[in-house]
Amino acid sequence: MARDTYSQRSLGTLSRRIRESRVLLVGAGGIGCELLKNLLLSGFGEIHIIDLDTIDLSNLNRQFLFRFEHIKKSKALVAKEVAHKFNPKAKLEAYHANIKDTEFGVDWFGKFNIVFNALDNLDARRHVNRMCLAADVPLVESGTTGFNGQVQVIKKGVTECYDCNSKEVPKSFPVCTIRSTPSQPIHCIVWAKSYLFPELFGISEDETPELDNTEDSDNAEEIANLRKEAQALKEIRESMGSSEFAQRVFGKVFNEDIDRLRGMEDMWKSREPPTPLEFEKVQTESADVHPSVSNEDQKVWSLAEDCVVFKDSLDRLSKRLKELQESSQGDTKPILVFDKDDVDTLDFVTASANLRATIFGIDPKSKFDTKQMAGNIIPAIATTNAMTAGLCVLQAMKVLNNDYEHAKMIFLERSGARAINSDSLKPPNPNCPVCSVAHGRLKFDPERATIGNLVEDILQSQLGYGEEVSISTEQGILYDLDLEDNLPKKLSDLGIKDDTFITVVDEEDTEPRVNLELIAATEKSETPDEQKAVSLDKVPEIPRQPKKPAPAPDEYMNGHAPAGRKRDAETAGLSNGEGDRVKRVASVSVVEGDSNGDGAHPIVLDEAQNGGAILIDD
């Protein structure tokens, strides 16, 4: 009996469609492993797997395709090798690469019948969403966080896309809370990870001022003081590798800087002031402690143990950086980057954060807890991953049957009467900046085509745009009425190449068209005299923007908040089932917390224009 006998009996003609389909799986982590297995056992004939990550020891408890001997190997390549045993007749292709690489353009996406997202970060999800829309390929989006999961079917012009609903804005901490008045363990961990570690082994804050990007002018004086501290650390960094390096760093950040903070008496009227640490005293107490204590992940280290691990990890990292600098070639200056799975960097952040926590009277954390908090990890549940992957395949069958009417958005929830809940797919948001746009394919000769050719020959002559139009790419605005100097410049000189998205915005005041996204493709003309420098594959249909509805009455005035699809807003917090939460703020990665230390989120008071009402926005 053939292995697909029962599949043919239950699925009928859909079985053949599944067997002949070409599938792309983006991500081979927690959900990806389960999904790959499900696809093969369901009879999918050709599957392409892409993932840029390598296998880590912490993956093995839930990513069942991987074993201890696979650690440090490519997830995509190992997943292909191991999973092929589930269906040896299937064709598998694996790519150890970034899905955002230029080789994976719109035409490449267009070769697939369906795409599955099993990713762990918002930026990559949005990229795949955009590429699938441009290639007009259906996408099955999925994610999990703890016991919760979500599966969403996305089809251009039929359903909402990933960006039709706004995602939850990550919570961040004010700079001065992290650097001057910490009150929670997470504040100390973020300080060690995103301030001290980069100052010593990465890029100095003098070169990356993003962490000091604040609109609070009251903090200006404190920001200036913190910059002085950064400059002092930069000078200490020059002594890296010497016998006094650890003592100088310790004395600077755990004694001198704390003394300065204690001198700001107004800051400590309502809280206990910090207590500086003396290097000689702590070193004496730690004389009998061996550095191997760092292997005790679950233990909360003592002050003496934190000091020993601090010195030992500082020495390990210093040697690594020195070796990188000696072996580097060219002008690029090598640096070290924090990695939650890297023992040296995690030891340093754990010990540094605990020393600072002791100074401010905050409970220290174990290395295991620090890894979760520094890496924004929510414990992954293998069962949730398996259920989510199964729901992805069920929805994919409806997609291959072109049965979007019965496809659903599905939620896994631990609370409530039912573990699995669903909602009908909503139509596209007419104001979505991603899926409400029109698409076209632009061919251009890189040696001749200019912005002027694009404006005159395509936008005005062929598509009927007026003078009020702007052209931009991810690099910025290339043309508008105030930027006509770019008209004679070549498209290639302005960074436009194969698969560049060129966004055309109609700036007309009355009935403007929706934005047009032109996907560029280079095509060198053999007979330039007879062919235009720019051309369209076909003239796209560009509808007018929908008229904006009249402003609705303020629903807050009668005590009721506007209704919304809460679950959709939570999608951005779902991971790929590996337990890595997706919350990034500039170069600081944080878990949820408050900035005032009392467990309540900041309340923003905003005076309304009519009636002087106060809106409280939590």
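Refer to the structure above for everything that follows.
These numbers come from a predicted model, not from an experiment.

Calculation notes
Here the residue numbers are simple positions, counted from 1 along each chain's written sequence. Predicted model: local features are reported for residues with pLDDT of at least 70 only, side-chain atom pairs are reported and counted for 80 or more only, and whole-chain, interface and lining totals are derived from all residues. With hydrogens and water set aside, each side-chain value is computed from the structure's full complement of heavy atoms. One bridge is not enough; two strands pair if DSSP finds at least two bridges between them. Strands are runs of DSSP state E lasting at least 2 residues, helices are runs of H or I lasting at least 4, and numbering of each runs from the N terminus. Interaxial angle, 0 to 180 degrees, is taken between N-to-C directions of lines fitted to C-alpha atoms, where a helix line uses only the stretch in contact. Residues enter patches when they are more than 30% accessible in relative terms and free of salt bridges; like-charged ones are connected within 9 Å and nonpolar ones (Val, Leu, Ile, Met, Phe, Trp, Tyr) within 5 Å. With residues, only the protein chains shown are counted as cover, and all accessible areas are computed by Shrake-Rupley using a 1.4 Å probe. Any carboxyl oxygen of Asp or Glu that lies within 4 Å of a side-chain nitrogen of Lys or Arg is treated as forming a salt bridge with it. Three labels apply to residues, based on accessible area from a 1.4 Å probe with only protein chains included: buried if under 20% of the type maximum, exposed if over 50%, partly exposed otherwise in between. Polar contacts here mean pairs of N or O atoms no more than 3.5 Å apart (in protein, one a potential hydrogen donor and the other a potential acceptor; neighbouring residues in sequence count only if both atoms are side-chain atoms). Two residues qualify as a contact provided that any one of their heavy atoms is within 4.5 Å of a heavy atom in the partner residue. The convention is simple: Lys and Arg are positive, Asp and Glu are negative, and His and the chain ends are not counted. For this purpose, a charge sits on NZ of Lys, CZ of Arg, CG of Asp or CD of Glu. As used here, the term nonpolar core means buried Ala, Val, Leu, Ile, Met, Phe, Trp, Tyr and Cys residues forming a set that is joined through side-chain atoms within 4.5 Å.

Novice: Mind showing me how you'd approach the sheet that holds strand S7 (residues 408–412) here?
Specialist: What holds strands together in a sheet is hydrogen bonding between their backbones, with the strands either parallel or antiparallel. The strand order across the open sheet built from eight strands is S3-S2-S1-S4-S5-S6-S7-S8, with neighbouring strands paired in mixed fashion. Each end of this open sheet is capped by a strand with a single partner; those strands are strand S3 (91–95) and strand S8 (420–424). Neighbour to neighbour, the strand axes of the sheet diverge by 15 degrees on average, direction disregarded. Bridge analysis of S7 against S8 gives five bridges, and the strand direction is antiparallel.

Novice: Explain a nonpolar patch on the surface here, please?
Specialist: Taken together, the side chains of Ile203, Ile335 and Val337 make up a nonpolar region of the molecular surface, amounting to roughly 240 Å² of accessible area. Along the chain, Val337 falls in the loop between helix H12 (303–327) and helix H13 (343–359). Judged by relative accessible area, Val337 falls into the exposed class, the value being 61%.

Novice: It is not clear to me how the pairing of strand S1 (residues 22–26) should be interpreted in this structure. Could you clarify?
Specialist: The two faces of the sheet receive side chains in turn, since in a regular strand these alternate between them. Across the five residues of S1, four count as buried, placing the element largely inside the fold. The pairing of S1 with strand S2 (residues 46–50) spans five bridges and is classified as parallel. From the neighbouring strand, Leu24 faces S2, where its bridge partner is His48. Inspection of the sheet shows S1 paired to strand S4 (residues 114–117) by four bridges, in the parallel sense.

Novice: I tried to follow the side chain of Ser470 on my own but got confused; where do I start?
Specialist: When you line up the elements, Ser470 lands in strand S10 (residues 469–473). A polar atom in the side chain of Ser470 sits 3.1 Å from the side chain of Glu507. Excluding its chain neighbours within four sequence positions, the residues that come into contact with Ser470 are Tyr479, Asp480, Thr503, Val504, Val505 and Glu507.

Novice: Please explain a negative patch on the surface as it appears in this structure.
Specialist: On the surface, Glu467, Glu468, Asp482, Glu484, Asp485, Glu507, Glu508 and Asp509 cluster together into a negatively charged patch. Within the element layout of this structure, Asp485 appears in the loop between strand S11 (476–479) and strand S12 (501–506).

Novice: Help me understand the pattern of salt bridges, please; the structure alone is not making it clear to me.
Specialist: Two side chains carrying opposite charge are able to pair once their charged atoms lie near each other. Taken as a whole and judged by the stated rule, the model has 31 salt bridges. A salt bridge links Glu517 to Arg130, with the nearest nitrogen and oxygen atoms 2.8 Å apart. With Glu517 in strand S13 (residues 516–522) and Arg130 in helix H6 (residues 122–135), the pair connects residues that are 387 residues apart, well separated along the chain. The structure contains a network of salt bridges with shared partners spanning Asp297, Asp312, Arg316, Arg320, Asp342, Asp344, Asp347 and Lys367.

Novice: Whenever I open this one, the side chain of His127 confuses me. Can you help?
Specialist: Relative to the assigned elements, His127 resides in helix H6. Given the relative accessible area of 18%, His127 is considered buried.

Novice: What is the right way to read the sheet that holds S10 from this model?
Specialist: In spatial order, the strands read S11-S10-S12-S13-S9-S14; together these six strands make up an open sheet with mixed pairing. Strands with a single pairing partner mark the edges of an open sheet, and in this sheet they are S11 and strand S14 (534–536). Strand-to-strand, the axes of this sheet are offset by a mean angle of 35 degrees, without reference to chain direction. In the packing of H6 onto the sheet, contacts are made with strand S9 (438–444), S12 and S13, and the angle to S12 comes to roughly 75 degrees. Set on the sheet, helix H16 (residues 451–460) makes contact with S9, S10, S11, S12, S13 and S14; between it and S14 the angle comes to about 40 degrees.

Novice: Can you walk me through the nonpolar core in this structure?
Specialist: One broad rule of soluble globular proteins: the nonpolar side chains tend to lie buried together. Grouped together as the largest cluster of nonpolar side chains are 49 residues, with contacts concentrated most on Leu200, Phe201, Phe250, Phe254, Phe310, Leu314 and Phe348. Every element with two or more residues in this core is listed here: helix H8 (185–201), helix H9 (220–237), helix H10 (245–262), helix H11 (279–285), H12, H13 and helix H14 (367–374). Those residues in contact with Phe310, other than ones at most four positions away along the chain, are Ala246, Val249, Phe250, Phe254, Phe348, Ala351, Ser352 and Leu355. Counting 46 residues, the second largest nonpolar core, distinct from the first, contains Leu35, Phe44, Val82 and Leu92.

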